[in-house]
Amino acid sequence: MEQLLGFAVPGIPYGCAYAVFAVGLVLTYQTTGVFNFGYGAQAYASAFVFAWLVDDHAWPTWAAFVCAVAILGPVLGLVFDRFLFRRIPSANSTAKVVTGLSLLVGIPALLPVVFGNGNLVGVPSVVFNPGTVYFHLGADVPVNGTYLSAVLFTVAMLVVVVLLLRTTHLGLEMRAAAESSRLLELEGVDAPRVTATAWAVSGLMAGIAGVLLAPTEVTVQAQDYVTLMVAAIAAAACAALRSMPIAALFGVLIGVVSLTAQGYLPTSSFWYSAVLPAFPFIVLVGALLFVPGLRRLGQATDPLSSVDPPLPPPAARARGREIDRIVRTGFWVLLFAFVVSMLTWMPPAWETVLNQGMAYSVVFLSVTFLTGTAGQLSLAQATLAGIAAFTAGQLAVHLGLDFLAGAVLGALAASLVAGLLAVASLRLRGLGLALMTLAAALLFDVAVFPAQAVSGGTGGLALEPHWLPLGLLSANGHDYFLLAFLVLVACVGAVRLVQRGTTGRFLAAMRGSELGAAGVGVDLAWQRVLAFVLSGALAGLGGTLLAIQQTVIAPGEFNYQLSLAFVVIVVTTGVGTVEGAIQAGIGLVVLEQLLQYAPGRLQGLAFVVFALGALTYAAHPEGIVELEKRRWTERAERVLSRRHRTPAPAVTGRS
Amino acid sequence: MTLLSVRGLTKSFGGTVAVTHVDLDLSTGESVGLVGPNGAGKTTLFDCIFGQLRPDAGTIELDGRDIGGLSTWRRARLGIGRTYQRLEVFPDLTVREHLLVALEAGRTARWGRLWKDLLGLGEPSSEELATVDSVLEAVGLRDVADTPVAALGLGTCRIVELARAVVARPRVLLADEPSSGLDERETVELAQLLRSLQVERAMGILLVEHDLSMVEAVVDRVVVMDLGRVVASGGFHEVMRAPAVQRAYLGSP
Amino acid sequence: MSHDGRPALELDDVCAAYGPYRALFGVSFSVDKGAATALLGPNGAGKSTVARVVSGLLPASSGHVRVGGSDVTGKPPWAIARMGLSHVPEGRGVFDSLSVEENLVLSFRRRAGRRNLAASLERAYARFPLLAERRHHRAGTLSGGQQRLLSLAKVLVVPPGVLVADELSLGLAPGVVDDVYAALADVRASGTTLVVVEQQVDRALGLASSAVVLEHGSVAYFGPSSGARAVVAEVLERRSHPGVADRR
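Each value, and the rule that gives it
- Residues numbered from 1 in each chain as written.
- Chains lettered and ligands numbered in written order.
- Predicted model: local features only at pLDDT ≥ 70, side-chain atom pairs only at ≥ 80, totals over all residues.
- Heavy atoms only, no water.
- Pairing = 2+ DSSP bridges.
- Helix = DSSP H or I, 4+ residues; strand = E, 2+ residues; numbered from the N terminus.
- Axes fitted to C-alpha atoms, helices over the stretch in contact; angles between N-to-C directions.
- Contact = heavy atoms within 4.5 Å.
- Domains from an automatic or database assignment.
- Buried area = accessible area lost by both parts, 1.4 Å probe.
- Core = buried A, V, L, I, M, F, W, Y, C linked by side-chain atoms within 4.5 Å.
- Buried < 20%, exposed > 50% of the residue type's maximum accessible area, 1.4 Å probe, protein only.
- Salt bridge = Lys/Arg side-chain N within 4 Å of Asp/Glu carboxyl O.

### Side note on the sheet that holds strand 7 (residues 162-165) of chain C
All names here are of chain C.
Reasoning step 1: Read across the open sheet, the six strands follow the order 6-7-8-3-9-10; overall the sheet is mixed. In the strand order of this sheet, the two ends are held by strand 6 (85-88) and strand 10 (218-224), each with one partner. Between one strand and the next, the sheet's axes are offset by a mean angle of 15°, whatever the strand orientation.
Reasoning step 2: Where strand 9 (residues 210-215) lies against strand 10, six bridges are found, and the strand directions are antiparallel. Bridge pairing links leucine 214 to valine 219 in strand 10.

Written out as structure tokens, the structure reads:
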């Protein structure tokens, strides 16, 4: 018993941290309708600024607290509302998930750019002195200030938030606004202000949580907050994003159970090294599989969403015949020029960059197909790419198989995993599906990829030149370019053919209305599995291409953060068309290359740029590149029609 | 002969009974109006027949085959078509593509279809296009065949849903308030359309509708539901005169 | 009928659009205080759009909307609602995730005042017993017609100054439609100005003193209700068949 307590009590601050974040997630979801993936980032920002003010600028604790929590917290919340979530059309639930993701990706990368690099050490405690032992539990389990502040704060926050939401009229208005801001406005309630208040409250809670829980960790690192977020998401999911006390309870349980298990399990065992770190993800998967309330999560609820204008058709579909001819000719000329340039005068440094861009394009094509064509959101595309790369690598190591043959088998393995993932999440939609794929990505990150048998440890698996024909591995030369180009063209062609064929129509039907599609005899389960399988194959091919290009398969190249970034990047450029994937792939590497010339601080900024780009997704869900293309097409059309003196096409009416 | 047969169907939502012990028969080429006050369980009954809800008890048979355990898409392929109270169209697809999806979904090849697509053979066949065009012609949608439905109004979308539901020649059509949101003229035309589908294609039609003049124009027989039960059934005029129906449905004393 | 000479609701050359899709082309009409106006016309003529522009859900791209004489063009919906205008949107107008009672509370507390909240709830339950039975159920568990009734109950029990009801009887059983029209007559007697969008032309004209008939987003007729029937028939006749209803 004494031993159990000794192991369990240190889990309490972690559990409380998870609980506080889980409650915050549920609160934000209930009052704004947004599952705020950026919540952890908000907390991190407050903690970071707090520590920065106290440590680097010697501010008194209270002043730093006011500045970092009471001011920065709500302000961040208000900024998110004002500039992001308010602009998202109420029916677009994908946009809400993607915008949250872009915050999760963007903020931790942005802070060091603003405030300088380096981790902050020794965040001061606000209430109790963390080191002081206040009393003992049982005979000799010490309870220090960290534990006390954590428990006290968790309970206080839970009570305040539950009271606010369930007993006050403001709470009622917040819940109503989360469902339909417009309907609430018709009741004479200033719904935008209610929602803004909800965001400010949520931001304040995140700030308090970030600062009060910071002493739990020795240093303030972005990574800690992300791990914390996953455990909190698991706890919130167990409560179906509905009940805050249940979310808090599961948060504490996850913390206590993991630390207790950590105490009992032998450190050398598989359970300790692989299963334990994955424990929160396993809980998350369990919740997603067995909590029925999560199945329709994140579905649009606003009955007045038809007030929003419909999405414009893609530029390619809208343009007239003359423009179409010009664009097509221009495309072939550019393509020809690109191939010739790559094979003749392109400097090797840039050839390498563009080669990498093409490999990324293939991976991104898998996002385009799955999200744009089939309407399914997956946060595990980098994982699928990694599965293929490691499969090919291990086949080469153990069976001496040619790496290109291995790549095909690896792509098959990736599509198999994708298919299994789809089968496991058949009953999930929207946000639930996103969380399931995220959990899968994290499982592979923590439990599979670092394993000696898979990647040979953290250093990764170096490709041997004799695995590949034609010296593909050497210096990223023309041989690699031709390979990547062929694979990219083949993949683009395949995706276009599927999009135009029967399957494409079925997927578009499923994307538009699942009820309607099933009602005419479309087998939804089959279509979803098919979409995941195809997308897995694309990601796998891209992953192996990327591995050849980088000559080493490192676990870090395929982690969940990249999966998140992939979705954000593709969505930014345009998820509706295959061109979007290529623009994203080339855009990412070119941007990274250009940032090499920038001061050191700015080098991590590539993802930030895309994260900021994804913020435009709120207003233009078709993607910024697609938006610009449509604008230019329209402009060109006007010029042409003026020249021909033909009247502009009549505008279609709608009521 | 009996085409669709429902026996003892019961469904409740967390304590609230929506449908209880409902028996219903529909013959080939017959149209039956399902009327009743709000919350009587009409849409719930449709959802159960179509497999979108799992009933707590009762059997559903199509052509003597028990379809109670099948999923919605299987029932659709067995010959049930449906329109919805709230629109369920595919916003990105054109009107013609809506009908193509419905037509192609009835043909069962799975991987075969994907290979065809990948070989560039995924375009609809001329026979499929002809079928689709004939239906579009019949319902008067030919002029908007290539318009994405996102650009169409509610009334037209309802017709699109109807055309989508009947293009694969189902034997049973479940129409849930098809006239809701249509103007007088559209309602009259819709009634004629339903009548001709019933006669020419020998389709069994179950019609939920509040517009009694439309019900009168379309149906052979009326079934009245109230509080989840069938309270009366028979010819339109005699049923509407029955006191129980007057009380439950029309609200008069 | 007007008391101080200014109409309760006035539209002056209003145009509106959903993104690139234009829906209203210079719509003008006015409704006197305490009067009832039927807003008629075929599908896609822009009736719902007029209702949305009046309540501020959809901004007018040009022209002016005045409520009780003051210009509300460009004001947010909540500000217009606070001036005493209630818009019951077509279809489902309730909060699914809230209980029936919470839905009513949201509406009554602002319009009837906190003091009269309990009394208003009592009246709502007395008038619509079906809602009393379900008061603690989530509104999302009600059937489509019951949800419609709930959204109408909000305005019929505590009448606003101007009521714009979109597709009033849509999805309601005939008996309930009678109830709703009876309640509307009471509401009108209490001084509320009514604008009713309705497919059942005769029913709406029976209630209204004047009528507006829309065609292709423009006003085809504005005048006493007695003259509207013929215009509606004419407008419907001009349309070839339902398929091309929305094209112009």
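From this point, the narrative continues.
### Considerations on the sheet that holds strand 6 (residues 80-83) of chain B
Strand pairing in a sheet takes place through backbone hydrogen bonds and is either antiparallel or parallel in direction.
Residue and element names in this part refer to chain B.
Reasoning step 1: With mixed pairing, six strands are arranged side by side in an open sheet as 6-7-8-3-9-10. Because the sheet does not close on itself, it has two edges, and the strands there are strand 6 and strand 10 (229-234). Going from strand to strand, the sheet's axes swing by 15° on average, the running direction of each strand aside.
Reasoning step 2: Pairing analysis gives five bridges linking strand 9 (residues 221-226) to strand 10, with the strands arranged antiparallel. Each residue of the ladder has a partner; that of methionine 225, found in strand 10, is valine 230.
Reasoning step 3: Lying on the sheet, helix 1 (residues 42-49) is in contact with strand 3 (31-35), strand 6, strand 7 (172-176), strand 8 (204-208) and strand 9; it crosses strand 7 at an angle near 145°.
Reasoning step 4: Of the strands in this sheet, strand 3, strand 7 and strand 8 touch helix 7 (residues 184-201), which is tilted by about 155° from strand 8.

### Overview of the domain arrangement of chain A
Residues and elements named next belong to chain A.
Reasoning step 1: Per the domain assignment, the segments of chain A are domain 1 (2-255) and domain 2 (318-559).
Reasoning step 2: Once you take the C-alpha centre of each, domain 1 and domain 2 turn out to be 35 Å apart.
Reasoning step 3: Around 640 Å² of area is buried between domain 1 and domain 2 when both sides are counted, 98% of it from carbon and sulfur atoms.
Reasoning step 4: With three residues, the top contributor of residues to the side of domain 1 that touches domain 2 is helix 5 (residues 93-115).

### Overview of the nonpolar core
Reasoning step 1: In terms of nonpolar packing, the biggest core is built from 233 residues, with Phe37 and Phe364 of chain A touching the most fellow members.
Reasoning step 2: The element contributing the most residues to this core is helix 24 (residues 524-550) of chain A, with 13 residues.
Reasoning step 3: In contact with phenylalanine 364 of chain A, not counting residues within four places along its chain, are Phe566, Ile569, Val570, Ala581, Ala584, Gly585 and Leu588 of chain A.
Reasoning step 4: Ala45, Val158, Leu194 and Val197 of chain C belong to the second-largest nonpolar core, a separate cluster that totals 100 residues.

### As for the pattern of salt bridges
Reasoning step 1: In the structure shown here, the tally under the stated rule is 24 salt bridges over all chains.
Reasoning step 2: Between arginine 82 of chain B and aspartate 47 of chain B there is a salt bridge, with the nearest N and O atoms lying 2.6 Å from each other. One end of the pair, arginine 82 of chain B, is in strand 6; the other, aspartate 47 of chain B, is in helix 1, with 35 residues separating them in the sequence. Each member of the pair, arginine 82 of chain B as well as aspartate 47 of chain B, carries the same accessibility label: buried.
Reasoning step 3: Between aspartate 12 of chain C and arginine 66 of chain C there is a salt bridge whose closest N-O contact spans 3.3 Å. One end of the pair, aspartate 12 of chain C, is in strand 1 (residues 9-18); the other, arginine 66 of chain C, is in strand 4 (residues 62-67), with 54 residues separating them in the sequence.
Reasoning step 4: Each member of the salt-bridge network shares a partner with another, and the members are Asp47, Arg82 and Asp176 of chain B.

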